[in-house]
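So the chains spell out like this:
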Amino acid sequence: MIRLGLCCLFREQPIKFRTTTAAALSRMERSAAVRKLADLCLHNAEALLQALTYCHAHDIGAFRVMSQILPLKTHPQQGYRIEDLPDAQEIVARFQACGELVRSRGLRTSFHPDQFVVLNSPRDSVVAASVAEIEYQAEVAEWIGADVINIHAGGAYGDKAAALARLEASLEMLSPRARSRLTLENDDAIYTPAELAPLCQRTATPLVYDVHHHRCCPDGLTEIEATDLAMATWRREPLFHISSPLEGWQGPKPERHHDFIDLRDFPRCWLAHQLTVDVEAKAKELAVFQLKRELAALAPTTTR
DNA sequence: AGCGGTCAAGTTGAT
DNA sequence: ATCAACTTGACCGCT
């Protein structure tokens, strides 16, 4: 019943996504720059199709798409609209082909905008840039059939209640296609499941439960309680995160991720549910395979 | 061809 | 006040 997900990259499989830098583009004529960007987008769409094909063939049920799938899409100077790139139709067509595969094979895809996306910032410019980034990912999500754009709640700014109120207000700024995909995840330092759950329930925003973060930043809830709380916020298959600490729970930085998942870190209460669990481990597909094997040995019919 | 410094963005907390 | 850590590899300019 557990669908395991791979995050963005491969350790051994030669499937590579490409990107560029704003500095490099700024040294080129705009025509050459957009040509390069278009080539990268075409390449990445093809690579995504390969990634999804690989996942399906190897029984990996979910794939997280890297934020730079369209490189520098919302950069203030080098950003672009897809329709302004050469081969725009071909780029979209290739991503839509990914979407066909996702739907026909029952795969799940998601996005996880990174730490620069902060919807609860007191700075309007930060919120505006964050909304733009989420909207870009929502456009690609629509092409590829991704149902999740997962973000953290943001900073505390010395007043979490006010910060969460700003977050709630910012949700209103999103288009329907972005809003309907947006999810919130508990983080490893600031916002716990207990703090996010009320907002999630009130705003019908699914809560992505990261049990590693919960262990780093606890709130008094047991893992069973947090699991149930998070599950109740989903109107579809829940998406959770798993990872193991690089140097053990007693190490200096338990929030850092290990190459593989220690089976002891996988909450047993998750096994009873139909869930997607993204495997956040540096050995990538190898870690997914290892966890799948170990879960299968534990309970032979409960994984796929 | 190979090497290594650098890469758009925000926030926090260690120094 | 400054800066590394988040996640991480890959780009790109230099030899």
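Basis of the calculations
By convention here, each chain's residues receive numbers from 1 onward along its written sequence. Chain labels run from A onward and ligand labels from 1 onward, assigned in the order the entries are written. Given that the model is predicted, a residue must reach a pLDDT of at least 70 before its local features are reported, and side-chain atom pairs must reach 80 or more before they are shown or counted; all residues, however, enter totals for whole chains, interfaces and linings. No hydrogens and no water enter the side-chain calculation; it runs on all heavy atoms of the structure. For helices the rule is a DSSP run of H or I covering at least 4 residues; for strands it is a run of E covering at least 2, with both sets numbered from the N terminus onward. A radius of gyration in this sense is built from C-alpha atoms; the matching globule rule multiplies 2.2 Å by the number of residues raised to 0.38. Contact definition: two residues touch when any of their heavy atoms are within 4.5 Å. In these tables, accessible area is a Shrake-Rupley quantity obtained with a 1.4 Å probe, and a residue counts as shielded only by the protein chains included in the view. Counted as positive: Lys and Arg. Counted as negative: Asp and Glu. His and the chain ends are not counted at all. In this description, the location of a charge corresponds to atom NZ of lysine, CZ of arginine, CG of aspartate or CD of glutamate. Ring pairs are drawn from Phe, Tyr and Trp, using the six-membered ring of Trp, whenever the two centres fall within 6.5 Å, and their geometry is named by plane angle: stacked under 30 degrees, edge-to-face over 60, tilted for the rest. Only protein chains enter the accessibility calculation, which uses a 1.4 Å probe; a residue whose area is less than 20% of its type maximum is buried, one above 50% is exposed, and one in between is partly exposed. A positively charged side chain is recorded as over a ring if its NZ (Lys) or CZ (Arg) lies within 6 Å of the ring centre. The angle to the ring normal must also be within 35 degrees. Between any two strands, pairing holds if DSSP finds at least two bridges. Angles run from 0 to 180 degrees between N-to-C directions of axes, and those axes are lines fitted to C-alpha atoms, restricted for helices to the stretch in contact.

(A) How the structure looks around the overall build of chain A. Secondary structure assignment for chain A yields ten helices and eight strands. Taken over C-alpha atoms, the radius of gyration comes to 19 Å for chain A, in line with the 19 Å a tight globule of 304 residues would show. Its C-alpha atoms put chain A at 55 × 45 × 40 Å along the principal axes. Sequence-distant contacts, at least 24 apart, represent 77% of the contacts inside chain A between residues at least 6 apart. Per element, the accessible surface of chain A, about 13,100 Å² overall, is 53% carbon and sulfur. In chain A, the 34 positive side-chain charges and the 39 negative ones have mean positions that sit 3 Å from each other.

(B) Fine view of the packing of aromatic side chains. Inspection of every chain in the model, using the stated rule, returns nine aromatic pairs. Ring geometry for phenylalanine 240 versus tryptophan 270: centroids 5.2 Å apart, planes at 55°, classification tilted. With a gap of 30 residues between them, phenylalanine 240 in strand 7 (residues 239–242) and tryptophan 270 in the loop between strand 7 and strand 8 (275–279) connect regions that are remote in the sequence. Of the residues examined, phenylalanine 240 reaches a relative accessible area of 0% and is grouped as buried. Residue placement shows lysine 73 over the ring face of tyrosine 80; its charged tip is 5.7 Å from the ring centre.

(C) Looking closely at the sheet that holds strand 4 (residues 148–152). Here eight strands make up a closed barrel; going around it, the order is 1-2-3-4-5-6-7-8 and the pairing parallel. Going from strand to strand, the sheet's axes swing by 30° on average, the running direction of each strand aside. Where strand 4 meets strand 5 (residues 182–185), four bridges bridge the pair, whose relative direction is parallel. Considered in strand 5, the bridge of asparagine 150 is made with threonine 183. Its contacts with the sheet place helix 2 (residues 30–57) against strand 1 (2–7), strand 2 (62–65) and strand 3 (108–111), and it is angled at close to 160° to strand 2.

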